[in-house]
Each structure stands twice: as C-alpha cells, then as structure tokens.
Amino acid sequence: MIEIILAGGIAVGTVLLLPSFGELVTERAGITNLSVEGSMLAGALTAFIVAKTTGNYAFGFLAGAFAGMLVAAVFASAVVFARANQLATGLICWFLSLGITSVIGNSYNGQAIHQLRQIDIPGLSSIPFFGNIFFQHDVVVYFGYVAIAATAWLLYKTKTGLIIRGTGERRAVVDVSGHRSSLVQFAAVLAGGLLSGVGGAYLSIGQVGNWASDMTNGYGFIVVAIVAFSGWRVSLTALGSYLFGMSISAASVLQAQGIAVNQYLLDSLPYIITLVALILASRTNSRQPEGLADSLSM
Amino acid sequence: MGNSDVPALDVKGLSISFGTIRANDDVNFHVKHGEIHALLGENGAGKSTLVKMLYGVYHPDSGRISVDGNTVDISSPSVARQLGIGLVFQDMRLIPALKVWENIALFLPDTPALLEKEQIVTRISEISARWKLEVDPMATVDDLSIGEWQRVELLKVLLQGAKILILDEPTSVLTPDEVESLFAVIRRLQQAGTAIIIITHKMREVREIADNVTVLRKGKVVMDDVPVSSISDEELIEAMVGHSVSSEHRDSRANYQARPILELAKINVQRPDGTIGLADVSLRVYPGEVLGIAGISGNGQEELADVLSGYARPESGDIVLADKGESGADAGGFASKGITCIPSDPIRQMVVPGLDIASHVALWEHATNPHARGYDVSGAGKRIQKHAAEVGLRIPPSNRILSQLSGGNIQRVILSFAIALAEKCIIASYPTRGLDVGTTADTRRALLAVRERGCAVVLISEDIDEILEMSDRVIVLGNGRIRGCLSGSEMTRSSIGRLMAEEETEQHEARAGEHVE
C-alpha cells in the first residue's frame, strides 16, 4: 500500500510541481503571481479540448502551455510595465480565467479522455521499491524531474539565473549593471505561466482524463504557499509539491480502503500536512527576496 | 598608460541646467594619468552633477569631454565603462543577498552565459591581491562591513579595467582605519598610472591624498587645477564657502540673562549601528535667541533634534527644561511643554496621504496634548487658518488633501502648526531645504517672528548663508561633537567653514553654553 501511495503521490505531485517551479522563478524575479490557478485552469481546459478534438496529447500539452502563458502575459503586462498592484491583478486574472474556462468548458463537462500511457524506464524501473515509486510513470512525471534539475541549473549556474535573482532582490542594481530588469521580470512571469499551463494540462488530460469546471480546486494557491514556505529554495519546493501529492494520494487510498474518516478532514489533510512540514523545514535560514516586499505592496 | 602629456580626462566648458537652476556652469578641469585630483565643494556645489555627466547619467547641455585627447560622447554609463571610466558610487550598489563573486559577475559585461565560478573567483582574487583589496569572494555581501562593501565596489570597477577612477565621497561612511587602507589602495593605483578623481568636502583629505584640487561653488569652478602644495587652508576654505561678507545683523531678541529654556549637559547618543550620534554635547538655549546649528548633515544633527524636541532619550547626560526641571522623553516629545519641532523630512514623517489639512491638524493636536479627548476636526481646520494668518503665512483651505499640495504649501501648514504650539522653543531641521525662494523667505520670516514672544529658535541647517542671516549664535557640529560656538563678529563664512572642515582631533574646547557666560 505504501508503494501505491508514494507512486500516486509522485504523479499527483507533478500537477503542483510544474506550477511551483514556474512560481519559484517568477518570485525569484521579484513578482508574486497569484493567478497561477488561472493559468492552470486555462491550461487544463485548452489541453483537454485540443487533445479531445485532435486526439494528439502532444498538441494538447502545447496548447495548454500556451494558454497558461497567455493568462500570465495579461498579468505581466499589467504588473511589469504598468506597475499595477500585483495582488489585485493576480486575483483578477484568476477570476477571469475561472469564469471564461467555466463558460467555454461547459459543453465538455463530463466528457472523458483516456489517460497518458505509462513508460517504464528500462533498468531503473526494476529497482525494488524505488523503481515502482519513481520510474513507472508517464512522460510528464519524468519531465517534472528534468524541470527540477533545469530550474536549479538555471538559477544557480547561469548568468540568466544570476540576473533573475538579482532582479528579485534589487532591480535598480541590475539596471545600472546594464541589464533590463523589467524584461527579466516579464520573461519570468511568462515562463511561470507556461509551466502552470502544463501543470493544468497534466491534471486534465494526464491525471483525471476529463474536464470539470474549477477542477484545479485551489492547487494554484497551494503552489504560492509552497514556494513561500520553501524559503524560495529549489529542493524544498520540489519536496513540498511531492509531499502534497502524497497526502492527496494517501487520502484517496484510505478512502478506497473504506477506512471511516470524516470526508472533509480527509480532504483538508494534504493542506495541513504540507504546510506544517514546510513551515518546519523552512525555519532555518530562509530569506525572502528583497524585491518581493515591493510586489506585495508593503 | 598613454602619453603623460595628454590628460586622461579633460573637461571643457561643461554646463547643465535643471529647470532654472544652473547646476554646472562652464566647468573646466583635467586629470592626468597617475594624478590624484580632488573635486572639493560644499554640499550642493554641483560635484555630484558633474560626476553624473562624466559617467553618462546626465547629458551636458554644452561643453566637451575628452578622454586621452579624443572628444567623446558619454551617452550612458555603459559607454563610460567602455571608455575606461569607473565610478565608485557614494551609495553603494550591491545586492546584499548575493555573494561577492555573484555581485561582480552580475556587473561585468563579459560574464559568460554559463557561470564559471572558479574562473570568476580566480579573477577577483588576482585583482584583489594585486591592489591589496582584501575581500573573500565567497562571502555573502550582507555579512560584509561597510569598508568591505566599498572594496567590492572598487574591485568591480577595477575588474572592468578602469583607467579613470572616480570616487564619490568615498570616506563618508568609513572608519579612520578604513580610510587609511583606502588611501593606500588609491596610492597604489596612482603609481600604476590610473587617473583618480576624488570627490570630497573634507579638506584634510585633500591635503593628505590629492596632487591637485579643483574647487566648485554653486555650480562654478572657483579654483581651477591648483597644486595642493601651493595653497593654504584659508585659501581653500575661502574658495569653498565664498568671500566673508559681514552679514548685516538684525536686532537680536536674545535674553542671555534669563534662565535657559532648554539645557543639555554632556549628552551622549549612540546610533543603532553602534556609531557615535552625539558625544559630550552641552548647550543652552536662551529665550528669544536664534541658535544656529551648522555642519554637514549626518554629523549628529538628527540625533540633536530628537534630543532637543524630546523624541529620544540620550544614553547619558542631562536635559533641563526651564519650568519643569529634568524631563524624560515621551511620545509627544516636549510639545506639551511648549517645545515643538519641524522634522527634517516633514512630508515623510508628518503627512498621512489622503487626509485633509484639518484632519492632520486634529491628529497633531491630539498627539501633542496629553489631555486631549476626541478629535475636533472642524475646529482644528479653523484654528490652523488663524495660526497661519497670525504669522503671515498663506495656506490653502483646510479641506484640501495635504499630500496633494506642493512641498511649499505642506511646509507652510506644518510651520504654522509648529509655530502656534511653540511657546518656548521651536526646533527647525533644514526648514527651507528644497523650497523655492518665496517659501524660503516666508519660512524665515515666520521663524524670526516667534522671537517676539520670547520663544527661541534652534535652526539646524547646512546652508551657511541661512545660518548667518538668522542666527544670534552658531554652534558647529562635526562627528557628533561640538566643534565650536561662534557669536557676534566671529560669525563669518570662513570661521564656520573652517570649523566644519576641521577634524575632530583638533577639537575646539569651546562649549556652547559656557561661551556666553
């Protein structure tokens, strides 16, 4: 049972992991994007429609990524170039996406699509215990692994990452060093929207195989919390996402086993577990990027 | 290093105006390779403007800049850097959360897309060893001392290969030891042929480090490329502060026979960062007098204003008020005892955006009156108009939103209130800074008017002309200490200027309170 819970957790966690890394990069550049949920919804619906009509999942994911980025582009134009209030703009973008996806997606409610094919990684998948948990998944879960490494590499090993981190701290210093901090922020928000879109797409066509209005269920907000409580660190952001996935997976396995626990308690468990774990983990040495205070209009 | 006969940097007829203010007017000077050139001048003399033109931040209205004999157009800081001009800013521009090597990598244009940490660290270590600028490239900037921050700034500039180095007030934040090691680095750079321009208002530093000096006053060069060895301190001060014209003295209302309104005895204040705010400051404020506090700001003025107006309690020393005896500080300061203050930045410290004048006055009244109950907004609106009329200040109607008024109008409202409440003394910190000519004149007139009722004025200002025009006595503050107290015919531009420029080692024994007795 443990293996089932953990393996399921990795898969569900991937739905949050991709948006989390998008938000991590966004916040490292000094912008708080509260419309992650909006980008995820847009990604989920668009991917579903495209995959359903074309029958091609790759097209579905591409379209989902694009839709997520589109929501982010609206957000970024307002907050980066017009310096609009980030909290308000983020919430508006989320509400807009919720409304639009509910209306457009209405006729797709209840339609089903088959889930993604599992690809076992040769060799690795036959490692006892770990093979089951980590290497018997669909392609998007593996993409998630790559995203973790790629984000860490981008932020800490490249000049681009250095500029992103500098922008999130003190934009003015980055500007006098001859870089364009507003372009950096714009690009970071777009990248975040792209990953959120993929995360949403993975939820609808990868995980559950259908579309339902407001199906992201607040995941986009949990993502913002995960990033903050991880102390803007790559490792803890990944850990938090998977932990949340595992709690959800555990709750549904327990339910399937017919263990009598209050339904609402079970549903709230993932949120509680993840937040407590992250708060404990991030007590040491976490430092908020200086520029974020600005983004929260404080 | 080029031909030593051709100046590394040559400035001819540089002028720039902001609105009606001519910040730089026909400025000429030149620096050779291997020369340390001081740009000396008071605050506001136009030094920073000149530096910003040399570094491409501002574009001059007219004039010509040449580097190694070639006329150049410095349209942006990156052009300046390409020309080998490096600037060490006064406010240092590093990101505290990043490591030293990351800050430098962020700044250097040739940093490769893939960070090669070892290579960058090696480059930093080489330059740092060569010029004896000790910094750990792996340290986080937040953990560095101010002296180390500055070394990182210098490293940044040297790593990009600067041949002309500009240092803007480099010693203002350093400890004496750090100043010594900075000067040692500057001398090593000089020997290697770097042209160095050091911006300062400290004469001692000009003497110690510079070969030649150019003095700016009110945007103009008043002393052009003079060897430091050929000129006396007096001549330099005279150039800096202008000719000592005896100011026509107004009739004084000061009553030095009366009991002092406010007396400070051996006041010591430590700043939160551990440095000295005020050291052994003793002074007396007498009824009806205007006591000028001169000196470069940041030398204890802020702390002195806080202690005088009762907002801060000193670490040691006594404050004696005429009527109530010794008194401690409370939230409203000494306002309830008739001592009010005009803060140095009233707009930030006293203005709530979105509230109208009447509400502000009601809030202030409430804060300064320990017996106040409730807020009488409409009454407050009427009272402030009456107060303003009494001192001859024109203020907008009381229902106007204060934060939407011009700086001058905001200042007049605050001034009216402070004056109305001041029965004994008014502490004015830089009351005319940033104001136009008309508001400045109004402010000075209103401040002088309070003397008629025996109220004293403590005028904290950087503007020597203002101090001379208004004050009965002048105290010069430097490094938190009283460097001297002048009154009557001793009060001249040059005597004040000399005390301002003096280092604390040659401290004057004169104490303000003792002086008049």
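This one's a predicted model, so the numbers in the text were calculated from it and none came from an experiment.

Undergrad: Could you give an account of the overall build of chain A, naming the residues involved and the relevant values?
TA: Per the secondary structure count, chain A includes 13 helices and two strands. Taken over the C-alpha trace, chain A has a radius of gyration of 19 Å; the compact-globule value for 298 residues is 19 Å, and the two agree within 12%. Entry remark: accessible area of chain A is about 12400 Å², with carbon and sulfur atoms responsible for 69%. Between the averaged position of the 13 positive side-chain charges in chain A and that of its 12 negative side-chain charges there is a distance of 11 Å.

Undergrad: So what's going on with the packing of helix 11 (residues 357–368) of chain B against helix 12 (residues 377–390) of chain B? Which residues, and what values?
TA: Residue and element names in this part refer to chain B. Running from N to C, helix 11 and helix 12 point in directions that differ by 95°, and their axes come no closer than 8 Å. When the axes of helix 11 and helix 12 are compared, the pair comes out roughly perpendicular. Of the residues in helix 12, those touching helix 11 at Ile357, Ala358, Ser359, Val361, Ala362 and Glu365 are Val377, Ala380, Gly381, Arg383 and Ile384.

Undergrad: Describe the state of the cysteines, listing the residues and the values that go with them.
TA: Residue and element names in this part refer to chain B. Applying the stated rule across the entire model yields zero disulfides over all chains. Cysteine Cys455 shares no disulfide, and the gap to the nearest cysteine sulfur, in Cys425, comes to 6.1 Å. No disulfide involves Cys485; its nearest neighbouring cysteine sulfur is the one of Cys425, lying 15 Å away.

Undergrad: So, the sheet that holds strand 2 (residues 21–31) of chain B: which residues are in play, and what are the values?
TA: Residues and elements named next belong to chain B. An order of 2-1-4-5 is seen for the four strands of this open sheet, with the pairing classed as antiparallel. Only two strands of the sheet have a single neighbouring strand rather than two, namely strand 2 and strand 5 (70–72). Put simply, the sheet's adjacent strands are angled 30° from each other on average, direction ignored. With three bridges connecting them, strand 4 (residues 62–67) and strand 5 associate as antiparallel partners.

Undergrad: So what about the interface of chain B and chain A? Which residues, and what values?
TA: Chain B puts 19 residues into the contact, and the matching count from chain A is 20 residues. Contact between chain B and chain A buries roughly 1600 Å² in total, counting both sides, with carbon and sulfur atoms accounting for 62%. Summed over the three residues of chain B that lose the most area to chain A, namely Ile95(B), Leu106(B) and Leu115(B), the buried surface amounts to 34% of that side. For the pair chain B and chain A, the number of links is one salt bridge. Seen at the junction of chain B and chain A, the total is six residue pairs in polar contact (both at pLDDT 80 or more). The leading source of residues in the side of chain B that touches chain A is helix 3 (residues 100–107) of chain B, at four residues.

Undergrad: Please give an account of the pattern of salt bridges that cites residues and values.
TA: All names here are of chain B. Counted according to the given criterion, the structure contains 22 salt bridges over all chains. In this structure, Arg473 engages Glu289 in a salt bridge whose closest nitrogen and oxygen atoms are separated by 2.9 Å. With Arg473 in strand 19 (residues 473–478) and Glu289 in the loop between strand 12 (276–285) and strand 13 (290–294), this pair connects stretches of sequence that are 184 residues apart. Like Glu289, Arg473 is buried.

Undergrad: Any chance you could break down the UniProt feature "transmembrane region" (unreviewed entry) in chain A for me, citing the residues and the numbers?
TA: Here, the residues flagged by UniProt with the feature "transmembrane region" (unreviewed entry) are residues 32–51, 58–81, 87–108, 139–156, 183–205 and 217–244 of chain A. Between the first and last C-alpha atoms of residues 183–205 of chain A the distance is 33 Å; the span itself is 100% helix and 0% strand.

Undergrad: So what about empty space enclosed by the protein? Which residues, and what values?
TA: To find the voids left in a structure, one rolls a probe of water-molecule size over its atoms. Per the counting criterion, the structure on display carries two cavities of 30 Å³ or more. There is about 60 Å³ of room inside the largest cavity. Contributing to the lining of the largest cavity are Val176(A), Tyr55(B), Arg81(B), Leu87(B), Phe89(B), Arg93(B), Phe107(B), Glu153(B), Lys156(B) and Val157(B). Take the lining of the largest cavity: its biggest share by element is three residues, from helix 5 (residues 146–159) of chain B. Within the lining of the largest cavity, the residues separate by chemical class into six nonpolar, no polar and four charged.

Undergrad: Could you give an account of the packing of helix 1 (residues 2–28) of chain A against helix 11 (residues 234–256) of chain A, with specific residues and numbers?
TA: Residue and element names in this part refer to chain A. One can describe the packing of helix 1 onto helix 11 by two numbers: an axis separation of 6 Å at closest approach and a directional angle of 140°. When the interaxial angle is binned, helix 1 and helix 11 end up oblique. As helix 1 packs across helix 11, the resulting crossing turns out to be right-handed.

Undergrad: Which residues make up the sheet that holds strand 6 (residues 85–88) of chain B, and what values go with them?
TA: All names here are of chain B. Here we have six strands laid out as an open sheet, ordered 6-7-8-3-9-10, and mixed in their pairing. Both outer strands of the open sheet, strand 6 and strand 10 (220–227), are each paired with one neighbouring strand and no more. Strand after strand, the sheet turns through a mean of 15° between neighbouring axes, direction not considered. Here strand 3 (residues 36–40) runs beside strand 8 (residues 195–200); their pairing, made up of five bridges, is parallel. What sits directly across from Leu40, in strand 8, is Thr200. Along the sheet face, helix 1 (residues 47–54) touches strand 3, strand 6, strand 7 (164–168), strand 8 and strand 9 (212–217) and points at about 150° away from the line of strand 8.

Scoring rules and cut-offs
- Sequence order as written defines the numbering, with residues in each chain counted from 1.
- To read the labels, note that chains go from A and ligands from 1, taken in the order they are written.
- Local features in a predicted model are, by the rule used here, given only for residues with pLDDT of at least 70; side-chain atom pairs are given and counted only at 80 or more, and totals for whole chains, interfaces and linings are based on all residues.
- Note: side-chain values were computed over all heavy atoms of the structure, leaving out hydrogens and water.
- Runs of H or I in DSSP of at least four residues are treated as helices and runs of E of at least two as strands, each being numbered from the N terminus.
- In this treatment the radius of gyration is a C-alpha quantity, and the globule benchmark scales as 2.2 Å times the residue count to the 0.38 power.
- In these tables, accessible area is a Shrake-Rupley quantity obtained with a 1.4 Å probe, and a residue counts as shielded only by the protein chains included in the view.
- When charges are counted, neither His nor the chain ends are considered; positive counts come from Lys and Arg and negative counts from Asp and Glu.
- To locate a charge, take atom NZ for lysine, CZ for arginine, CG for aspartate or CD for glutamate.
- Interaxial angles span 0 to 180 degrees and are taken between N-to-C directions of axes, which are lines fitted to C-alpha atoms, for helices over the stretch in contact.
- Comment on the angle field: the value is read as roughly parallel under 35 degrees, roughly antiparallel over 145, roughly perpendicular from 65 to 115, and oblique elsewhere.
- In this analysis, two residues are considered to be in contact whenever any of their non-hydrogen atoms come within 4.5 Å of each other.
- A pair of sulfur atoms, both from cysteines and within 2.5 Å, is called a disulfide here.
- Strands pair, by our definition, only if DSSP identifies at least two bridges between them.
- Once two parts are joined, some of their accessible surface, as seen by a 1.4 Å probe, is lost; buried area is that loss totalled over both.
- Between Lys or Arg on one side and Asp or Glu on the other, a salt bridge is scored when a side-chain nitrogen of the former is within 4 Å of a carboxyl oxygen of the latter.
- Between N or O atoms, a polar contact is any pair within 3.5 Å; within protein, one atom must be a potential hydrogen donor and the other a potential acceptor, and residues adjacent in sequence are included only when both atoms are from side chains.
- Using a 1.4 Å probe on the protein chains alone, a residue whose accessible area is under 20% of its type maximum counts as buried, one over 50% counts as exposed, and one in between counts as partly exposed.
- UniProt positions are given in the numbering used here, feature names are shortened, and annotations may be inferred rather than shown by experiment.
- Residues are called lining when one of their atoms sits within 4 Å of a cavity or pocket point, these points coming from a 1 Å grid over the protein atoms alone, where a cavity is a set in which a 1.4 Å probe fits but cannot get out and a pocket is an open set with protein on both sides within 12 Å along at least five of seven lines.
- Grid points are joined across faces, edges and corners, and a volume is the space filled by probe spheres set on the points.
- Side-chain classes follow a simple rule in which Ala, Val, Leu, Ile, Met, Phe, Trp, Tyr, Cys and Pro form the nonpolar group, Asp, Glu, Lys and Arg form the charged group, and the remainder, Gly included, forms the polar group.
- A crossing counts as left-handed when the near helix is turned anticlockwise from the far one by less than a right angle, and as right-handed when that turn is clockwise.

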